[in-house]
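Spelled out from the first residue to the last, the chains are:
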Amino acid sequence: MNSMKLKLIYPEDKIKEPLLSKVCKNFNIDINIRKANVQEKMGWLELEFIGNDEEMEKAINFLVENGVEVQPIEGQVFTE
């Protein structure tokens, strides 16, 4: 299993959508939220995806397609 640390930045119109819930249901990855700041007009999360590379890539693509900005956090990839 690999893990990837990411920062997700949500635009105002996506803050109330359950996108992380959909990621957990539709892709075979675990999510570990490390930090978050969600306000009325914007929100961001720092989290860790845990799973295989293909599923993590699919999950990232899903988030980007749904308007979320996804930024890798330095030193983000670890192998167990």
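### Quick notes on the overall build of the protein
- Looking only at helices and strands, the protein features 2 helices and 4 strands.
- Ordered by position from N to C terminus, the α and β elements of the protein give β-α-β-β-α-β.
- Expected size for 80 residues packed as a compact globule is a radius of gyration near 12 Å; at 12 Å, the protein falls within 12% of this value.
- Projecting the C-alpha coordinates of the protein onto the three principal axes gives extents of approximately 40 × 25 × 15 Å.
- Looking at the protein residue by residue over its 80 residues, the buried ones come to 36%.
- For the protein, the proportion of contacts with a sequence separation of at least 24, taken over those separated by at least 6, is 70%.
- Element-wise, carbon and sulfur atoms account for 47% of the exposed surface of the protein, whose accessible area totals about 5200 Å².

### A short note on helix H1 (residues 19–26)
- Leu19, Leu20 and Val23 are the residues of H1 that are buried. Mapping the buried residues of H1 onto a view down its axis gives an arc of 100°, with all of them on the same face.
- Buried residues along H1 sit against strand E1 (2–10), strand E2 (29–38), strand E3 (43–51) and helix H2 (53–65).

### Comments concerning the side chain of Ser3
- Looking at the element boundaries, Ser3 is found in strand E1.
- Among the polar contacts made by the side chain of Ser3, one reaches the side chain of Glu48 at a distance of 3.1 Å.

### Here's the deal with the environment of Ala36
- With respect to the helices, strands and loops of the structure, Ala36 is situated in strand E2.
- In this structure, Ala36 is in contact with Trp44 and Leu45, ignoring residues within four places of it in sequence.

Rules of the game
Residues numbered from 1 in each chain as written. Predicted model: local features only at pLDDT ≥ 70, side-chain atom pairs only at ≥ 80, totals over all residues. Heavy atoms only, no water. Helix = DSSP H or I, 4+ residues; strand = E, 2+ residues; numbered from the N terminus. Rg over C-alpha atoms; globule rule 2.2 N^0.38 Å. Buried < 20%, exposed > 50% of the residue type's maximum accessible area, 1.4 Å probe, protein only. Contact = heavy atoms within 4.5 Å. Areas by Shrake-Rupley, 256 points an atom, 1.4 Å probe, with all protein chains shown as cover. Arc of directions from axis to C-beta. Polar contact = N/O pair within 3.5 Å; in protein donor to acceptor, adjacent residues only side chain to side chain.

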